[in-house]
Amino acid sequence: MALGLALCLASGPAAAFETLNFSTPDMDEDLRAQIKSNSALAAAQDEGRVTGQDALAAALSDYGILVETLYANGYYGGTVSILLDGREASDIPLLSTPDAVDTVVVTVTTGPKFKFGNTRLQPLAPGTELPEGFAPTSTARSGLIGDAANAAIDGWRQLGHAKAELSRQQITANHANSRIDVDMIVAPGPELRFGRLVTVNDSAVRTAAQRRIAGLPNGERFDPDELTEVTRRLTATGAFSSVTVTEAETANPDGTLDIELRVADAKPRRFGFGAEISSLEGLALSSFWMHRNFMGGAERLRIEGDISDISNNTGEIDAGLSARLEVPAAIARLGPDTDAFFQAALSTENEPTYSADSLGLTAGLTRRFNEDLSAEIGLGLIYSETDDDLGHREFLLFTMPLSLTWDKRDNDLDPRSGWYVGTELTPFLDIDGPGDGARFYADLRGYYGLGENKGTVLAGRLQVGSVMGSELTETQPEFLFYSGGAGTVRGQPYQSLNVDLGGGDESGGRSFLGLSAEVRQDIGETWGLVAFADAGFIGEGSTPGDDGDWHSGAGLGVRYQTGIGPLRLDVAAPTGGSNDTGGVQLYLGIGQAF
């Protein structure tokens, strides 16, 4: 027992080094902070890796790390000394590692600051911009030399010279006059064109589909930006967990350059759900099931379902079920950034002023213009049976929905800067009646963060809607507008603002305006407070005017940051309109209100 106890004690961790001191005489605070931040010894101490072996390993790494830090700031004559209990770390034999280290002293001197002398970098492609600091008499930061070389090579690659490289590189430090001379020669190589896209590993997605989606412009001049687009298109399908695009080592005799594609398949199925609750609309649940690579061509099938007012606050339950199949790069003539979609939707709605059962079928195309801008066009057929104050009616509509989305937000669930524009225009033809027209809706949002960390955010939203062509009594209720509730005016009862038809009859409006403003303030890293005010207008005519009413609401909210977005709790009350004496309303959900 005594022997076993002795062995256990002997095998325990060695004692930690107690002190770590940095001596940086005459060094400015910024460089001193970099030295301590980059130090492997400081990182080891913070992480608890403080045995004698850990201390020696970190010290040996720090010689190179700290010298590189000096070079990055223009100091090429500095010195680094690291003493472990008074012994220079570089002099300690690796086979005689100390069991424990008590005191570590790191001494760094900078020496004189070096300036650039000659900065020769030739030849440069037309339009190449070198880093601003890469010029004679500027501080000779080592990173600028690499940045300048990369800029020169990238300039030639942008002009089709895919194999541009440095053919000569001579960097001389003149310690007598503290000067760095740089002499670099670029070999542009020949202008090349794109060759074949070569798939080098197996995938559940057909090879032909991979090439069609990638959209590599075979035969066109090489452009590195096109390789970025190839990666983006393939990644956007969701069928791959990783996509790697590399250039062949050598060009083909005909002046083309093949591109190699490596992909790793993502898990084919995914499931998700969401929940939201308010004191008036009750509990709402939503869920989706998605199948990636549905038919072997990176197609995506998504089935969604939602149900609201489970708590029976309004007396009726709303439910919906939809399925959407997306086929990437479905039509070769339209290019790789145009996808096809097919969608079916079934719903039952029991709203305050109407109830409706509907079935919709839509097919169309989605076009992505760039990372932020996309559009969609479709042809659809909608059948709907409705009951409202105008009686029981049936609608059969042929539609052509169009939408445009321009999203410049920095974060979808918690934006702190940028803006968002979403517009929808749906012309419709009533096959069984006179109600032909078009429905327009626009949602505009803006965000402005204050302070270095954008801890205070000013957010605003404008919603505009209009039904044109068809009369109020000829338009199906689902196409009309209502105001009140979480998506429009918080504090007002759900869809409480509509059009009075007289005799106690009510209907949605043909025009809508919604205004929202928020001030969001972070409280620490996890919590946040929000003050908000909303207003809404519903009008009988197709344009907002005198034939309608306004209402408004205001309140306060709390935000708690989670891994997927802020948890939102808003408390609001009416401040104007026909329901300005109503009670306080409560809203709970994930993500900001807009």
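The rules we used
- Residues numbered from 1 in each chain as written.
- Predicted model: local features only at pLDDT ≥ 70, side-chain atom pairs only at ≥ 80, totals over all residues.
- Heavy atoms only, no water.
- Salt bridge = Lys/Arg side-chain N within 4 Å of Asp/Glu carboxyl O.
- Helix = DSSP H or I, 4+ residues; strand = E, 2+ residues; numbered from the N terminus.
- Pairing = 2+ DSSP bridges.
- Axes fitted to C-alpha atoms, helices over the stretch in contact; angles between N-to-C directions.
- Parallel < 35°, antiparallel > 145°, perpendicular 65-115°, else oblique.
- Contact = heavy atoms within 4.5 Å.
- Nonpolar A, V, L, I, M, F, W, Y, C, P; charged D, E, K, R; others polar.
- 1 Å grid on protein atoms, 1.4 Å probe; cavity = no way out; pocket = protein on both sides within 12 Å on 5 of 7 lines; lining within 4 Å.
- Points joined across faces, edges and corners; volume = space filled by probe spheres on them.
- Left-handed = near helix turned anticlockwise from the far one by under 90°.
- Phe/Tyr/Trp six-rings, centres within 6.5 Å; stacked < 30°, edge-to-face > 60°.
- Buried < 20%, exposed > 50% of the residue type's maximum accessible area, 1.4 Å probe, protein only.
- Lys NZ or Arg CZ within 6 Å of the ring centre and 35° of its normal.

S.K.: So what exactly am I meant to see when it comes to the pattern of salt bridges here?
M.R.: Opposite charge on two side chains lets them pair, provided their charged atoms get close. What the rule picks out here adds up to 28 salt bridges. With a closest N to O distance of 2.6 Å, Glu247 and Arg157 form a salt bridge. A residue pair is termed long-range when its members are at least 10 positions apart, and Glu247 in strand E9 (residues 240-247) and Arg157 in helix H5 (residues 142-158) qualify at 90 residues. The salt bridge involving Asp570 is made with Arg559; its shortest N-O contact spans 2.8 Å. Here Asp570 is found in strand E28 (residues 566-576), whereas its partner Arg559 is found in strand E27 (residues 548-561), with 11 residues between them in sequence. Among the ionic contacts, a cluster of salt bridges with common partners joins Arg490, Glu518, Arg520, Asp534, Arg559, Arg568 and Asp570.

S.K.: I tried to follow the pairing of strand E21 (residues 437-450) on my own but got confused; where do I start?
M.R.: Within a regular beta strand, the side chains point alternately toward one face of the sheet and then the other, so they alternate between its two faces. Pairing of strand E20 (residues 418-430) with E21 involves 11 bridges; the strand directions are antiparallel. By the bridge assignment for E21, Gly422 is matched with Asp443. Counted along the chain from E20 to the antiparallel partner E21, the turn is 6 residues long. Both E21 and strand E22 (residues 456-468) contribute to a ladder of 13 bridges, which runs antiparallel.

S.K.: Can you help me understand the packing of helix H6 (residues 207-214) against helix H7 (residues 224-236) in this one?
M.R.: Between two packed helices, what matters for the description is the angle formed by their axes and the separation of those axes. Between H6 and H7, the shortest axis-to-axis distance is 8 Å and the interhelical angle comes to 125°. Classified by the angle their axes make, H6 and H7 are oblique. On the side of H6, the interface is formed by Gln210, Ile213 and Ala214, while H7 contributes Val230, Arg233 and Leu234. Of the residues contributing to the contact of H6 with H7, the split by class is 4 nonpolar, 1 polar and 1 charged.

S.K.: Looking at this structure, I do not really get empty space enclosed by the protein. What am I missing?
M.R.: With a probe scaled to a water molecule rolled over the atoms, the places where space remains empty come into view. Summed over the entire model, instances satisfying the criterion amount to 2 cavities of 30 Å³ or more. The volume enclosed by the largest cavity comes to roughly 40 Å³. Taken together, Arg461, Gln463, Ala486, Gly487, Thr488, Arg490, Ser516, Asp534, Ala593 and Phe594 make up the full set of residues lining the largest cavity. Across the lining of the largest cavity, the residue classes break down as 3 nonpolar, 4 polar and 3 charged. Approximately 30 Å³ is the volume attributed to the second largest cavity. When contributions to the lining of the second largest cavity are tallied by element, the ones reaching two or more residues are strand E18 (391-399) and E20.

S.K.: When you look at the layout of surface pockets in this model, what are you seeing that I'm missing?
M.R.: Volume-wise, the second largest pocket comes out at about 270 Å³. Taken together, Met290, Arg300, Arg302, Arg324, Glu326, Thr366, Ser374 and Glu376 form the lining of the second largest pocket. Listing elements by their share of the lining of the second largest pocket, those giving two or more residues are strand E13 (300-308), strand E14 (318-327) and strand E17 (373-388). Taken together, the residues of the lining of the second largest pocket sort by class into 1 nonpolar, 2 polar and 5 charged.

S.K.: Help me understand the environment of Asp432 in this model?
M.R.: Relative to the helices and strands, Asp432 resides in the loop between E20 and E21. On a C-alpha basis, the gap between Asp432 and Gln45 in space is 78 Å, while along the polypeptide they are 387 residues apart.

S.K.: Would you mind going over the sheet that holds strand E10 (residues 256-265) with me for this structure?
M.R.: Either a parallel or an antiparallel arrangement is found when strands of a sheet pair, and the pairing is made through backbone hydrogen bonds. Read from one edge of the open sheet, 3 strands run E8-E10-E9, paired in mixed fashion. Sheet topology places strand E8 (193-199) and E9 at the edges, where each strand pairs with a single neighbour. Strand after strand, the sheet turns through a mean of 25° between neighbouring axes, direction not considered. Bridge count for E8 against E10 is 5 bridges, and the pairing is parallel. Residue pairing for E10: Phe194 is matched across the bridge by Leu257. Along the sheet face, H6 touches E8, E9 and E10 and points at about 145° away from the line of E8.

S.K.: Hey, could you run me through the packing of helix H2 (residues 29-38) against helix H4 (residues 52-72) in this one?
M.R.: Between H2 and H4, whose axes approach to 10 Å, the crossing angle comes to 150°. Relative to H4, the element H2 is oriented roughly antiparallel. Remark: the crossing between H2 and H4 carries right-handed chirality. Facing H2, whose interface residues are Leu31, Gln34, Ile35 and Asn38, H4 presents Asp62, Ile65, Leu66, Thr69 and Leu70.

S.K.: How do you make sense of the sheet that holds strand E2 (residues 79-84) when you look at a structure like this?
M.R.: Here we have 4 strands laid out as an open sheet, ordered E1-E4-E2-E3, and mixed in their pairing. At either margin of the open sheet sits one strand with a lone partner, and together these are strand E1 (19-23) and strand E3 (87-88). In this structure, E2 lies alongside strand E4 (residues 103-109), joined through 6 bridges in antiparallel fashion. Paired with Ile82 across the two strands is Val106, which belongs to E4. Along the sheet, helix H3 (residues 40-47) makes contact with E1, E2 and E4, crossing E1 at roughly 155°. Along the sheet face, H4 touches E2, E3 and E4 and points at about 165° away from the line of E2.

S.K.: Can you help me understand the environment of Ser286 in this one?
M.R.: Relative to the helices and strands, Ser286 is located in strand E12 (residues 282-292). The spacing of Ser286 and Gly305 is 19 residues in sequence and 5.7 Å in space, taken between C-alpha atoms. In contact with Ser286, not counting residues within four places along its chain, are Gly272, Phe273, Gly274, Gly305 and Asp306.

S.K.: Got a minute to help me understand the packing of aromatic side chains in this structure?
M.R.: Both the distance between ring centres and the angle between the ring planes are used here to describe each pair of aromatic rings. Taken as a whole, this structure holds 11 aromatic pairs when the rule is applied. Each ring, one from Phe481 and one from Phe512, has its centre 6.0 Å from the other, and the planes form 15°; the classification is stacked. Remark: Phe512 occurs in strand E25 (residues 511-523) and Phe481 occurs in the loop between E22 and strand E23 (499-502); sequence separation between them is 31 residues. One exposure class covers both Phe481 and Phe512, and it is buried. Ring pairs connect the aromatic residues Tyr71, Tyr76 and Phe114, which therefore count as one cluster. Above the plane of the ring of Phe594 lies Arg520, whose end atom (NZ or CZ) is 5.2 Å from the centre.

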